[in-house]
Amino acid sequence: MRIARFSIDGNVAFGAVEGDRPDELVLDIIKGIPFTDFELSGTKVPLSKVRLLPPVLPNKVVAFGRNYAEHARELGNEVPDAPFAFFKPSTSVIGPGDEIQYPSFTDDLHHEAELAVVIGRLCREVPRERVKDVIFGYTCANDVTARDVQKREKQWARAKGFDSSCPLGPWVETGLDVETASDLTIQLTVNGEQRQLGRTSEMIHSIEDLVVNISEAMTLLPGDVILTGTPAGVGPLHVGDEVAVTIEGIGTLTNKVVKRG
């Protein structure tokens, strides 16, 4: 099931996305929130009549760096022996169609297409065999990065945590199991030109590895997001660019880059 979060007539709700053709998609409004048992209301609205929002509002976004060997090498970095994490604040999250605002403190903004894992229940110290039970679903992400700032500052808070640096969407796909999600095509285009192309099977550390690793240290809450790393091919974004992340079996997340006002 594809679960979207949207606004219509000033109201915010979750809905199940139905249909196959992009111009015929409809939302069946969910009663309540999707992280607990829920019912479909039967009230349906065309997707074209709503504004899609970030599919979740995470308490925290935990991102893992250099989880694809070729990406690590393209930036001249060592391939890590163990997962290492950083945070993107909730204020960095935007949704499909929202604008990526080019910060004034960077001259080298980069795209990074990523598979995002959405947590579905409160959990801590998750054993490997239970990882599948705490995942709500998967969505597309773009770990937008001020590359020059990342290189000169030891901590990545500003380089990767600025407002609008974490596009998520267009919805959460709940119908993928961990095994399937671990071998999907992931690609990114800028103005229609392909920049990144890889498979999630190229991850150094698996989805299970990442959930186990971070849940050893902290409690994960429903709606929290784990970014699993980006394949090779990262590169610059400029004001006016339209960047799209597409992940097999999930969908396409599209955003435009604008100058921060």
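Residues numbered from 1 in each chain as written. Predicted model: local features only at pLDDT ≥ 70, side-chain atom pairs only at ≥ 80, totals over all residues. Heavy atoms only, no water.

Visitor: It is not clear to me how the overall build of the protein chain should be interpreted in this structure. Could you clarify?
Guide: Along its length, the protein chain carries six helices and 20 strands. Here the C-alpha atoms of the protein chain give a radius of gyration of 17 Å, agreeing with the 18 Å that 2.2 N^0.38 yields for 261 residues. C-alpha atoms of the protein chain, sized along the principal axes, occupy 55 × 45 × 30 Å. In the protein chain, which comprises 261 residues, the share counted as buried stands at 52%. (Helix = DSSP H or I, 4+ residues; strand = E, 2+ residues; numbered from the N terminus. Rg over C-alpha atoms; globule rule 2.2 N^0.38 Å. Buried < 20%, exposed > 50% of the residue type's maximum accessible area, 1.4 Å probe, protein only.)

Visitor: Looking at this structure, I do not really get the sheet that holds strand β13 (residues 145-146). What am I missing?
Guide: Sheet strands associate in pairs through backbone hydrogen bonding, adopting either a parallel or an antiparallel arrangement. The three strands are arranged β13-β10-β18 in an open sheet whose pairing can be described as antiparallel. In this open sheet, the two strands that pair with only one neighbour each are β13 and β18 (235-236). (Pairing = 2+ DSSP bridges.)

Visitor: Where do I start with the nonpolar core in this structure?
Guide: Soluble globular proteins tend to pack their nonpolar side chains together in the buried interior. Leu-109, Ile-135, Tyr-138, Ile-207, Ile-226, Ile-247 and Ile-250 are the most contacted members of the largest nonpolar core, which has 45 residues in total. Top contributing element to this core by residue count: helix α6 (residues 207-215), with five residues. Excluding residues that lie within four positions of it along the chain, Ile-247 makes contacts with Glu-114, Leu-115, Thr-139, Cys-140, Leu-184, Thr-185 and Ile-186. Formed by 19 residues, the second largest nonpolar core is a distinct cluster that contains Ile-3, Phe-14, Val-93 and Val-225. (Core = buried A, V, L, I, M, F, W, Y, C linked by side-chain atoms within 4.5 Å. Contact = heavy atoms within 4.5 Å.)

Visitor: I'm lost on the side chain of Glu-173 in this one. Help?
Guide: Structurally, Glu-173 can be placed in strand β14 (residues 166-173). Although Glu-173 is buried, it makes no salt bridge; Arg-2 carries the closest opposite charge, 4.8 Å away. Engagement of the side chain of Glu-173 in a polar contact is seen with the backbone nitrogen of Gly-175, the distance being 2.7 Å. Not counting chain neighbours up to four residues away, the residues in contact with Glu-173 comprise Met-1, Arg-2, Gly-137, Tyr-138, Gly-249 and Ile-250. (Lys, Arg positive; Asp, Glu negative; His and termini not counted. Salt bridge = Lys/Arg side-chain N within 4 Å of Asp/Glu carboxyl O. Polar contact = N/O pair within 3.5 Å; in protein donor to acceptor, adjacent residues only side chain to side chain.)

Visitor: Which parts of the structure should I look at to understand unusual backbone geometry?
Guide: Leaving glycine out, the prevailing phi sign among residues is negative, and the prevailing peptide bond configuration is trans. Cis geometry marks the peptide bond from Gly-169 to Pro-170; its omega dihedral reads 5°. Position of Pro-170 among the secondary structure elements: in strand β14. A positive phi angle, near 55°, is found at Asp-9, a position not held by glycine. When you line up the elements, Asp-9 lands in the loop between β1 (2-8) and β2 (11-18).

Visitor: Teacher, can you tell me more about the pattern of salt bridges here?
Guide: Scanning the model with the defined rule gives 16 salt bridges in all. Residue Asp-224 is joined to Lys-60 by a salt bridge in which the shortest nitrogen-to-oxygen separation is 2.8 Å. Separated by 164 residues along the polypeptide, Asp-224 in the loop between α6 and β17 (225-227) and Lys-60 in the loop between β5 (51-52) and β6 (61-64) bring together distant segments of the chain. Accessibility assignment for this pair places Asp-224 and Lys-60 in one class, buried. Note that Asp-133 is salt-bridged to Arg-130, the shortest N-O span being 2.6 Å. With relative accessibility at 40%, the residue Arg-130 sits in the partly exposed group. Salt bridges sharing partners connect three or more residues here, namely Lys-88, Glu-112, Asp-143, Arg-147 and Lys-160.

Visitor: How should the sheet that holds strand β15 (residues 185-190) be read in this particular structure?
Guide: One open sheet holds the five strands; their spatial order is β9-β20-β19-β15-β16, and the pairing between them is mixed. Since the sheet does not close on itself, it has two edges, and those belong to β9 (99-102) and β16 (193-199), each with one partner. The sheet shows a mean angle of 20° between the axes of neighbouring strands, direction not considered. Bridge count for β15 against β16 is six bridges, and the pairing is antiparallel. Bridge pairing in β16 links Leu-188 to Gln-196. (Axes fitted to C-alpha atoms, helices over the stretch in contact; angles between N-to-C directions.)

Visitor: Help me out: how do you make sense of the environment of Ala-13 in this one?
Guide: If you trace the backbone, Ala-13 turns up in strand β2. C-alpha separation for the pair Ala-13 and Gly-32, spaced 19 residues apart in sequence, amounts to 8.3 Å. With sequence-adjacent residues up to four places away left out, Ala-13 is seen in contact with Ala-4, Arg-5, Phe-6 and Ile-29.

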